[in-house]
Amino acid sequence: MAAAAMLFGACCEKQEATPVNTADVVMQNILNRKSVRSYNGEAIPDTVMQNILRAAMSAPTGMDIRPWQFVVLTDKSQYETIFEGNGNMKKFMESGAIVVVCADTTVTRPTRENPDGPAVTSPNPMWRDDVAAATENLLLAVEAYGLGACWTACYPFPNTMAPVKKGLGLPAEVIPYAVVPIGYHDGTAQPKDKWDPARIHNGRW
């Protein structure tokens, strides 16, 4: 929670001035992010969920298209239908909330060649990159609030996508990209140290 207060300006009380290294706070949050697969079912406060989604929507996006859409689920009686056949059902049922990260695969706007002309609907070739960035931002915000989450794939698997698309009533052009259960956990899950200098190439391969 301390990291969340600093990251989202949620600190309400003045304390004795102690220098805070923002870079250290941010780096610690990134390095502490982990996949949490078990939760206690406690509900997520609305204000916390709103800030998590605010972080998700702060992701970079090609040509500022912002193709992301988010469906927040808390009614567990719907999960068996929406996530029919999904092997992550135990996580979903234990979570405090689920965020389905969706992507509008089209963009409607004037063309670059005719910026003052009529809006035209065309495919958005960058939607995967944008919603992946939004999903990672979401996961980092979850970590900042002391919560746990797990990025479970929906796209590109037809058998996983179909019931979600139908159950949520998504428009034809909208893809359910990732299903992210979020919840309070017991702290046993630990981050993995993925640092590998051998994967760094200076100047050229």
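Above: the structure in question.
Residues numbered from 1 in each chain as written. Predicted model: local features only at pLDDT ≥ 70, side-chain atom pairs only at ≥ 80, totals over all residues. Heavy atoms only, no water.

*Asks:* In this structure, what is going on with empty space enclosed by the protein? I would like to understand it.
*Replies:* Where empty space is left becomes clear once a probe the size of a water molecule has been rolled over the atoms. Under the criterion given, the structure shown has one cavity of 30 Å³ or more. Put simply, the largest cavity is a space of about 40 Å³. Forming the boundary of the largest cavity are R33, K34, L139, V142, E143, L147, G148 and A149. Residue contributions to the lining of the largest cavity peak at three residues, all from helix α6 (residues 127-144). Split by residue class, the lining of the largest cavity holds four nonpolar, one polar and three charged. (1 Å grid on protein atoms, 1.4 Å probe; cavity = no way out; pocket = protein on both sides within 12 Å on 5 of 7 lines; lining within 4 Å. Points joined across faces, edges and corners; volume = space filled by probe spheres on them. Helix = DSSP H or I, 4+ residues; strand = E, 2+ residues; numbered from the N terminus. Nonpolar A, V, L, I, M, F, W, Y, C, P; charged D, E, K, R; others polar.)

*Asks:* Please clarify how the pairing of strand β2 (residues 97-104) should be interpreted in this entry.
*Replies:* The side chains of a regular strand alternate between both faces of the sheet. Counting buried positions over the eight residues of β2 gives seven, a clear majority of the element. Strand direction decides the pairing type here: strand β1 (residues 68-73) and β2, joined by six bridges, are antiparallel. In the sheet register, F70 faces β2, and the bridge partner there is V101. Two strands pair when backbone bridges link them, and β2 and strand β7 (residues 174-183) are joined in this way by eight bridges, in the antiparallel orientation. Within β7, the position partnered with V100 by the bridge is V179. (Buried < 20%, exposed > 50% of the residue type's maximum accessible area, 1.4 Å probe, protein only. Pairing = 2+ DSSP bridges.)

*Asks:* Looking at this structure, how should I read the layout of surface pockets?
*Replies:* Roughly 340 Å³ of internal volume is contained in the largest pocket. What lines the largest pocket is simply I30, L31, R33, K34, S35, R37, Q190, P191, K192, D193, K194 and W195. When the residues that make up the lining of the largest pocket are grouped by side-chain class, the tally is four nonpolar, two polar and six charged.

*Asks:* Mind showing me how you'd approach the pattern of salt bridges here?
*Replies:* Charged atoms that come close allow side chains of opposite charge to pair. In the structure shown here, the tally under the stated rule is four salt bridges. With a closest N to O distance of 3.1 Å, E143 and K34 form a salt bridge. Of this pair, E143 sits in helix α6 while K34 sits in the loop between α2 (22-32) and α3 (46-56), and the two are 109 residues apart along the sequence. Note that E94 is salt-bridged to K90, the shortest N-O span being 2.7 Å. In this pair, E94 and K90 both sit in helix α5 (residues 89-94), four residues apart, roughly one turn of the helix. Relative accessible area serves as the criterion here: at 56%, K90 is assigned to the exposed category. (Salt bridge = Lys/Arg side-chain N within 4 Å of Asp/Glu carboxyl O.)

*Asks:* What is the right way to read helix α7 (residues 158-168) from this model?
*Replies:* Since one α-helical turn is 3.6 residues long, residues separated by three or four positions face the same way. Those residues of α7 lying buried are M161, P163 and V164. Buried residues along α7 sit in contact with α4 (79-82), β2 and β7. The positive-phi residue at the C-terminal boundary of α7 is G169, with phi of around 65°. (Contact = heavy atoms within 4.5 Å.)

*Asks:* Before we go on, may I ask you to explain the packing of aromatic side chains in this structure?
*Replies:* Two aromatic rings are characterised by how far apart their centres lie and by the angle between their planes. Tallied over the full model, the rule gives six aromatic pairs. Between Y79 and F83 the ring centres are 5.8 Å apart and the planes differ by 70°, which places this aromatic pair in the edge-to-face class. Assigned by exposure class, Y79 and F83 land together as buried. By way of ring pairs, the aromatic residues W127, W151, Y155 and Y177 are connected into one cluster. (Phe/Tyr/Trp six-rings, centres within 6.5 Å; stacked < 30°, edge-to-face > 60°.)

*Asks:* Even after reading the chapter, I still don't get the environment of N88, so can you show me in this structure?
*Replies:* Mapped onto the secondary structure, N88 falls in the loop between α4 and α5. Residue N88 is classed as buried on the basis of its relative accessible area, which comes to 17%. Sequence separation between N88 and A153 is 65 residues; the distance between their C-alpha atoms is 9.8 Å.

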